[in-house]
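# What the coordinates show
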Amino acid sequence: QPGAKVYKLKKSIYGLKQAAHIFLNTLSQHLLSMGFNRLKSDPCVFIHNTRKITLGCYIDDIIVSYRSEIDFEYVLNGLHQKDYILKIMEQFKIYESKSIKTPRSPSVHRIAT
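All residue numbers refer to positions counted from 1 along the written sequence of the respective chain. Residue-level local features of this predicted model are given only where pLDDT is at least 70; pairs of side-chain atoms are given and counted only at 80 or more, and the full residue set underlies all totals for whole chains, interfaces and linings. No hydrogens and no water enter the side-chain calculation; it runs on all heavy atoms of the structure.

## Some remarks on the overall build of the protein chain
Formally: Numbering of helices and strands runs from the N terminus, with a helix taken as a DSSP run of H or I at least four residues long and a strand as a DSSP run of E at least two residues long. The contact criterion used throughout is that any non-hydrogen atoms of two residues lie within 4.5 Å. Under the convention used here, a 1.4 Å probe and the Shrake-Rupley method define accessible areas, while residue burial counts only the protein chains that appear.
Within the protein chain, the secondary structure is distributed over 3 helices and 4 strands. Written out in order from the N terminus, the α and β elements of the protein chain read α-β-β-β-β-α-α. A sequence separation of at least 24 residues applies to 30% of the contacts in the protein chain between residues at least 6 apart. Summing over all exposed atoms, the protein chain offers an accessible surface of approximately 9500 Å²; the carbon and sulfur share of this is 58%.

## Describing the pattern of salt bridges
Put simply, the rule reads: Every case where a carboxyl oxygen of Asp or Glu lies within 4 Å of a side-chain nitrogen of Lys or Arg is listed as a salt bridge. Accessible area is worked out with a 1.4 Å probe on protein chains only. A residue is then buried under 20% of its type maximum, exposed over 50%, and partly exposed in between.
Within the structure shown, the criterion is met by 1 salt bridge. For D71, the salt bridge identified is with R51, shortest N-O distance 3.5 Å. Taken as a pair, D71 in helix 2 (residues 69-79) and R51 in the loop between strand 2 (45-48) and strand 3 (53-58) lie far apart in primary sequence, 20 residues in all. Looking at D71, the relative accessible area reads 8%, which means it is buried. Here R51 falls in the partly exposed class, since its relative accessible area comes to 28%.

## Some points on the sheet that holds strand 1 (residues 37-38)
Rules: If DSSP finds at least two bridges between two strands, the strands pair. Axis angles are defined between N-to-C directions and span 0 to 180 degrees, where every axis is a line fitted to C-alpha atoms and, for a helix, only to the segment in contact.
Ordered by their spatial adjacency, 4 strands build an open sheet running 1-2-3-4, and the pairing between neighbours is antiparallel. Where the open sheet ends on each side, the last strands, each with one partner, are strand 1 and strand 4 (61-65). Looking at chain direction, strand 1 and strand 2 are connected through 2 bridges and run antiparallel. Considered in strand 2, the bridge of R38 is made with F46. Across the sheet, helix 2 lies against strand 2, strand 3 and strand 4, angled at about 40 degrees from strand 3, the strand it touches most.

## Focus on the nonpolar core
What counts is decided by this rule: To qualify as a nonpolar core, a set must consist of buried Ala, Val, Leu, Ile, Met, Phe, Trp, Tyr and Cys residues joined through side-chain atoms within 4.5 Å.
Counting residues in hydrophobic clusters, the biggest one holds 11 residues: L24, L27, L31, M34, F36, F46, I53, L55, C57, V75 and L79. Counting only elements with at least two residues in this core, the list comes to helix 1 (17-33), strand 3 and helix 2. In this structure, V75 is in contact with M34, F36, I53, L55 and V64, ignoring residues within four places of it in sequence.

## With respect to the side chain of H48
Stated precisely, the cut-off is as follows: What qualifies as a polar contact is a pair of N or O atoms within 3.5 Å, subject to a donor-acceptor requirement within protein and to the restriction that residues adjacent in sequence count only when both atoms come from side chains.
In this fold, H48 is placed in strand 2. Within the structure, H48 has its side chain in polar contact with the backbone nitrogen of R51 (distance 3.2 Å). Discounting residues that sit within four places of it in the chain, H48 has contacts with M34, G35, F36, I53 and Y74.

## Topic: the pairing of strand 3
Both strand 2 and strand 3 contribute to a ladder of 4 bridges, which runs antiparallel. Following the sheet pairing, I47 is matched in strand 3 by T54. The loop that links strand 2 with its antiparallel partner strand 3 comprises 4 residues; one of these, K52, has a positive phi angle of about 60 degrees. As paired strands, strand 3 and strand 4 are joined by 5 bridges and run antiparallel to one another. Bridge assignment links Y58 to a residue of strand 4, and that residue is D61. Following strand 3, the chain reverses through 2 residues before pairing antiparallel with strand 4; I59 in that reversal takes a positive phi of roughly 55 degrees.

See the structure below:
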């Protein structure tokens, strides 16, 4: 069409196809700077070997497994989302839930990073 223009976005817009990809790239750079390693077998899983933290990301959701409260604080402070996460945990009463150990099956082997 005559006079039609195409604009290039400098930032992703939530809801567009590329938003999740850009979010994962930004998160990856930040986690790598915090000392996490990205799994070669699954680029959405990050492991911090010295702190024993595993973090998984799917689209814009994050799940974290950790061994101690200090490790959890490390992730909260590193992601700069501490107040928001604590508010959500309060809202859903996660602090009132009981933690349990989930032993790894002996047949499961850790994948090298």
